[in-house]
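Geometric and topological summary
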Amino acid sequence: MAGKLPKMAGAKRRGETKPWRDRLAWLQRGLSLLLLSGLLVGSGWGAWLVFNKVDAPIGVILVRGQYTQVDQAQIQKMVEPLLSGGFISLDLQKIRDGLEQHPWIEEASISRQWPDSLVIRLVEEVPIARWGDSAFLNHRGERLEIGDNSMLSHLPLLEGVERSERQMMRSYRQMAQMLQPAELRIAALKRDARDAWRLTLTNDLELVIGRDQIIEKMRRFLLVWDQHLKARATEVGWVDIRYDNGVAVQWVKKPAQQAQLNQQQLSMASGEPEQV
């Protein structure tokens, strides 16, 4: 019995050390988690500092491309309200959409340039024809309002009913192509509410086209023009091509003929003998 006592005492001491080992393990885990949390917080704080340093406000706006209807000051005025973030957080799509709302800007591309620059590349709209007195049509037949289009007086004038711009542009292009071999150019093309077309050329000749078979009538006019009217172009006032198998021509009176007609009308109105 007495020889077993040391063994019992030794077993008791070993059992007492087990809780200390568990506590030590938990302490090590806690320290590891604390260290990891510190590293994460430190990394996050460092990343935040770096981001704030890099995400500095835009200091320079560079505009590139060929443009004549807008200038650097206008573009900067349009862009400044859209600079809602820094170099990294800036919403480039928002700036692009804002610029492309301008009637003279067809396309805008936006990019960043280190360290604080915004680069804007513009493609300007090319007007093909005037629409009324306040807009123009581009090559897609889109109507773009500019308030006053008097600076585009060298372009043809197109007029039509609301939402007919694309069809008018297609018809204008087709007619202009047909007239080109005859060296005739369009000054104005109009389509009224009754769907009747009227064309004015740059030589002041007017064509009354009507409502249907527009292209066929244009072909007939060009045939008559080449064979009969071209040599007397200065004497032609307007041509009515609404007929199925012919045209009607309004001739312009020469100055001498007009003076004689005016004298005849004056004599008849005053009761004097008609002078021939």
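Everything discussed here concerns the structure shown above.
My aim in this report is to walk through the structure given alongside it, one point at a time. (Residues numbered from 1 in each chain as written. Predicted model: local features only at pLDDT ≥ 70, side-chain atom pairs only at ≥ 80, totals over all residues. Heavy atoms only, no water.)

Inspection of the entire model under this criterion finds 3 aromatic pairs. We note R232 situated over the ring of W251; from NZ or CZ to the ring centre the distance is 4.1 Å. (Phe/Tyr/Trp six-rings, centres within 6.5 Å; stacked < 30°, edge-to-face > 60°. Lys NZ or Arg CZ within 6 Å of the ring centre and 35° of its normal.)

Applying the stated criterion across every chain, the model contains 15 salt bridges. The salt bridge partner of R194 is D192, with a shortest N-O separation of 3.7 Å. Taking the relative accessible area as the measure of exposure, R194 reaches 61% and is therefore exposed. (Salt bridge = Lys/Arg side-chain N within 4 Å of Asp/Glu carboxyl O. Buried < 20%, exposed > 50% of the residue type's maximum accessible area, 1.4 Å probe, protein only.)

This part is about the packing of helix 4 (residues 165–179) against helix 5 (residues 214–229). Closest axis-to-axis distance for the helix 4/helix 5 pair is 11 Å, and the angle between their directions is 20 degrees. Here helix 4 lies roughly parallel to helix 5, going by the angle between them. Helix 5 is crossed by helix 4, and the crossing has right-handed handedness. Every residue of helix 5 that contacts helix 4 at Q174, M175, M178 and L179 is listed here: I214, I215, M218, R219, F221 and L222. In terms of residue class, the contact of helix 4 with helix 5 is built from 8 nonpolar, 1 polar and 1 charged. (Axes fitted to C-alpha atoms, helices over the stretch in contact; angles between N-to-C directions. Helix = DSSP H or I, 4+ residues; strand = E, 2+ residues; numbered from the N terminus. Parallel < 35°, antiparallel > 145°, perpendicular 65-115°, else oblique. Left-handed = near helix turned anticlockwise from the far one by under 90°. Contact = heavy atoms within 4.5 Å. Nonpolar A, V, L, I, M, F, W, Y, C, P; charged D, E, K, R; others polar.)

Moving on, we come to the packing of helix 2 (residues 72–79) against helix 3 (residues 92–99). Where helix 2 contacts helix 3, the two axes come as close as 10 Å, and the packing angle between them is 130 degrees. Comparing their axes, helix 3 and helix 2 come out oblique. Remark: the crossing between helix 2 and helix 3 carries right-handed chirality. Only I95, G98 and L99 of helix 3 make contact with helix 2, whose side of the interface consists of I75, M78 and V79. Of the residues contributing to the contact of helix 2 with helix 3, the split by class is 5 nonpolar, 1 polar and no charged.

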